[in-house]
Every structure is written in C-alpha cells, then in structure tokens.
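Close look at the chain arrangement
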Amino acid sequence: MTHELTASRLASASSKVTASGGWWRDAVIYQVYVRSFADSDGDGVGDLQGVRARLPHLARLGVDAVWLTPFYVSPQADGGYDVADYRAVDPLFGDLSDADELVRAAHALGLRVIVDVVPNHTSDRHAWFREALAHPASEARTRYHFRPGRGPGGERPPNDWESVFGGPAWTRTPDGAWYLHLFAPEQPDLNWEHPEVAEEFASVLRFWLDLGVDGFRIDVAHGMVKAPGLPDIGRGAQATLIGTEPLPFFDQDGVHAIHRSWRRLLDSYEGPRIGVAEAWAPTSERLALYVRPDELHQAFNFRFLNCPWDTRAMRTVIDESLAATASVGAPTTWVLSNHDVVRHVTRYGGGAQGLSRARAAALLMLALPGSAYVYQGEELGLPEVEDLPDAVRQDPAFLRSAGQDGLRDGCRIPLPWSGELPPYGFGPAGSWLPQPADWAPLSVAAQTGDPHSTLELYRAALELRRALPGLGAPDAAPLTWLPAPEGVLHFTRPGFACTLNSRSEPLELASPGRPVLSSAPVETDGRTVLLPADACTWWAL
Ligand code: GLC
C-alpha cells in the first residue's frame, strides 16, 4: 500500500480534517496502551485486533486520532519500549496485516493513527546489540555506547550516571566492557553519532508512513544526544521520568538536528503527518524549541500533568505554556495522564473528591486552546490501582527498586468494557494484570447512557468542542482571563466561557452565560449560579 492511496482514502473518509491550520493543532488524541486496551485472542494481553474491534468506542467518544503504544517485536522488558525489530509486529499483538487493517479501519472512521517510535535505545535482543555483544572488538559496538570501566580492573562504571529505573546507567558485559542504558539494562542506548543509526531510523519511519500512519510519538525525544565525553554529573543525580533537571544526557542541543531531519521526512509525505515529542525539558521555553516550525509538530506538556490542584499554579502553567508555544507558532498540548504516571483521579486525592476534580480538570483541559491527549480509561474515571500484589507487577522500575517517580503498573490495568466480573469484556479470558473486583460500574457498558457518568461527560465535552465556535481552533480563539476569586479559574474564548471552582465549598457567581456542560450539577435561577466544589462549567455566551 502506498501513502498516496492512504492519504486519498483518509481525505474522503474524514470530515475532521482541518483544511487550513493542520489537523493536529486542535486534535484530541486518545492514547491506546495496546497491552491493556482489548484482547481478541484470550491470552490476557491486549492486541491489534482487539483495538480494531473497539475503534467504534473511540469514534463515538469523539476523538480525532489514536496514539498506539509500541506493538513491535520485543521481549517486553519495558512494556514494548525495548524494541528488537522496528518493522515487525510482536506475535503477542498480531502481525503486520493486523496493523495494516487497523490503520485502514481507523481511517474509515475518520480517526488518524499515530504510532510510537523508540529511537533512544533498542532492546538488548535487537540484531545490532547481539552483534555488538558477540564481537567485542568490532565496529558493531560503535552503534552503542561501549566504554572501558574505571578503576584498576575497570570494575567501576565509566561515569556516575544513574538509570531512570534505578541503579547505574551502565552494565558490564562478560568481556569486561560497559554499555550505557539510561533505562533498563535490556535497553542499551544507541549512539546517534553513528551514521547508520540515523539512516536506519529514517528507513523505519518510512516503513510505517508507507503503511499509512499519520505520525509518530517519539519516545525520549530529548535523549538521543549525550554531552561530549559523557561527563560525570558529580553529585549522583537520579534522572526521573518527566524530570526537568538539566542533565548531560537529556535535552542536549544536538537532538534538534535529528528532529529537523525527521520533519523534512514527514513533510515529504502527503498529510500532514506529524511528530510528537515526548521530551522532558527544564522550562516551557526549552520545550518549545522542539516545536519550532522546522521541527516537530507537538510536544507533550508535562508541566500541566505535574501541576497540583492549585489554580494559581494551573494558571501559571497555562499562561507560560501558551506563551512559549505561541513564540514559535506551534499549538500547545495538554495532558493529565499517561501510561507512566499515577492516574489523575488518584493524584487529585482519590475517592469521590479525586473523581470530582478529575472530571473538572478534564473540562478545563478540553476548553484550552490547542491539542489534548486523553489516556485510555480516563474517560471512565478510572483510579490508579494501588494494591497490586508484588508478584504480578511487571514495571522494570519496580523490579529495579523504583528509581523513577512512581510505579507504573497501577495505571496500566486492562480496561473494563462490560459485565459484572473480571475481565469485564477486556477479552475472552483473563487479563495480564488483575482488575479490581469493584470495577463493574466503571465499564463502558455500565456508563453508557448514564448522564452522570464520566464517559458521558467526555462524550458531551468532545461533541461540544466541535460544535462551539470558540473551542478547538487554537489560533482563531485565544483565551482571555476574567477576574475570579482565589481558587477559581474563569476565562472566555469567543462565544464561550469556562469556570473552574477548585475550592472545597460551592461558589456563587453571576451567571456568565448559558451553562452547556458541567462536571457536577449547577443550580441557577438564570441570573446567579451555584457552582459546586471541585467542579468546572462550560458556558455558551
Ligand atoms: C518513555 C515511555 C516509558 C518508557 C521509557 C523508556 O518515557 O513513555 O514508558 O519506559 O520511555 O523507553
């Protein structure tokens, strides 16, 4: 299949293509964590056919695009972020024809498809790394970072870098050399100074673009280039997922040349096809460098995700994010959860209060100018599962004594679709992580049609986001803050207003307009309204 064919099919199938600015600028992009979305074959692990069968849920939800986490051949040492073959589907998830059919089926529903690419490291089972291990003195080692150790017998690591998952970022091979891995030892870092590395990834990108994907989410997009000489940090700094500390292996200026070359490659396809940076940068300004006009299209806004339930902090992050991306002409992105962090229902306090805040935060996010990412299950209001038995956990961060910010299995529990008992329609039998016994009311089937459910709130919000003129279009519809008491965010966009009450008591205010959607019921006599605690309301003006 050629990309031209795919482009024409999509253009005719999708009513959601923005003619002028580019479809990604205001897109709502749904993250499918493939292992936990839907299982078609009963092995307890989600797969591509499972995703395809459930695409109607995403179309009905009203998102514009789907981001699929890695489904490539992998030993799964890090949930597929350890890729052994970048051009093949792991049998756990299906095969290439399943990927092809999934892309076609999504396009037929008007959904774009973004896939993950993992360029900072390969799996230790990748052909290049096997070759490097097998031939100590060979050129094959120069595709990675092999170094002699320190100390008389070379028994100490070459520098003091720590892995994101805990412990030294170096592992020693049987022949005595050390290799660098910023993540698990099964994820050796590639040497991007080596020309074959860049050539190989350009070819991998083309492979998936030719299959018809609409873009890439670029894993660790800030990590491929290391400071020359791999200098010591000197103070034993532990890198964390979504960290913001300047480090000699993250956010080096050299990564931008790689992203520029990828932009040229993306632009050579009909599209637009997009690149999304998973980059952790010390400031919004540094992050905006990844989305300059000749670089990537979007970067995840982890400052928004990391923001506490505090309207001053939220407003600062919103203003700084909008200003930083506006300075380079890019849209801002917003995200509350993903497969690496504690789900936001739980981050906001858990229980009924956490859910109220999560629903309010979703309405805030979806009212902001730019593009929003929704992590599977947040539309169901799923909480983090915090009581997983150690024996079932698979996160390498857990297995390596938690070097990073949090353990990541509790946000990866397979989704509940229907039914009273696990696996709640996730698949014909079982699920690779156990689902809680009380998740039946959270299933898609149980929430469908219930006007108070979180699922129906998301559906209504996404529908209004398309229908209301002031929403969605980032350039046409800027945000204007209105005066608001402490603990309240209040802003307008053309024809639209949004009010978030973060306080733990209701807020009485003069009605700014006609309430069109609220995360909790508002009382109004037409002139004044009572907005409940921890709630957000949308108004048509
Ligand atoms: C990214 C992924 C995370 C993975 C890491 C290493 O942060 O989101 O899941 O562990 O990269 O590839």
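In what follows, the accompanying structure is described. What you see is a predicted model; the values in this text were computed from it and never measured. (Residues numbered from 1 in each chain as written. Predicted model: local features only at pLDDT ≥ 70, side-chain atom pairs only at ≥ 80, totals over all residues. Heavy atoms only, no water.)

1. Overview of the site of the ligand
Quick note on the threshold: We call a residue near a molecule or strand whenever a single non-hydrogen atom of that residue lies within 4 Å of it. Two N or O atoms count as a polar contact when they lie within 3.5 Å, although within protein this holds only if one can serve as hydrogen donor and the other as acceptor, and sequence-adjacent residues are included solely when both atoms are side-chain atoms. Accessible surface is estimated by sampling points in the Shrake-Rupley manner with a 1.4 Å probe; for residues, cover comes only from the protein chains shown.
In the vicinity of the ligand there are 16 residues, among which Asp78, Asp219, Glu278, His339 and Asp340 approach most closely. Here an oxygen atom of the ligand sits 2.5 Å away from a polar atom, N or O, in the side chain of Asp78. Residue Asp340 places a side-chain N or O atom 2.5 Å away from an oxygen atom belonging to the ligand. Protein contact buries 100% of the 310 Å² of open area that the ligand shows by itself.

2. A word on helix H15 (residues 454-467)
The cut-off we apply is this: To qualify as a helix, a DSSP run of H or I must reach at least 4 residues; to qualify as a strand, a run of E must reach at least 2; elements of each kind are numbered from the N terminus. Expected helix span is given by 1.5 Å per residue-to-residue step, counting one fewer step than there are residues. When a residue's accessible area, from a 1.4 Å probe over protein chains only, is under 20% of the maximum for its type it is buried; when over 50% it is exposed; and in between it is partly exposed.
Over its 14 residues, H15 extends 20 Å from the first C-alpha to the last, a length consistent with the 20 Å expected when each residue adds 1.5 Å. Taken across its 14 residues, H15 has 10 buried, putting it largely inside the fold. Every buried residue belonging to H15 is among Thr454, Leu455, Glu456, Leu457, Tyr458, Arg459, Ala461, Leu462, Leu464 and Arg465, and all of these are buried.

3. Brief notes about helix H5 (residues 127-134)
Note the following rule: By arc we mean the arc of the directions from the helix axis to the C-beta atoms, nothing more. The contact criterion used throughout is that any non-hydrogen atoms of two residues lie within 4.5 Å.
For H5, the full list of buried residues reads Trp128, Phe129 and Ala132. The buried residues of H5 occupy one face: seen down the axis, they fall within an arc of 95°. Facing away from the buried side of H5, by more than 90 degrees, are the exposed residues Ala127 and Ala134. Where H5 is buried, its residues contact strand E6 (146-147), strand E8 (178-180) and helix H6 (195-211).

4. Here we look at the sheet that holds strand E7 (residues 170-172)
Defined as follows: Whether two strands pair depends on DSSP finding at least two bridges between them.
Reading across from one edge, E6-E8-E7 is the order of the three strands in this open sheet, with antiparallel pairing throughout. Looking at strand neighbours, the two that pair on one side only are E6 and E7, the edges of this open sheet. Relative to E8, E7 is paired through three bridges, and the arrangement is antiparallel. If you follow Arg172 over to E8, its bridge partner there is Trp178.

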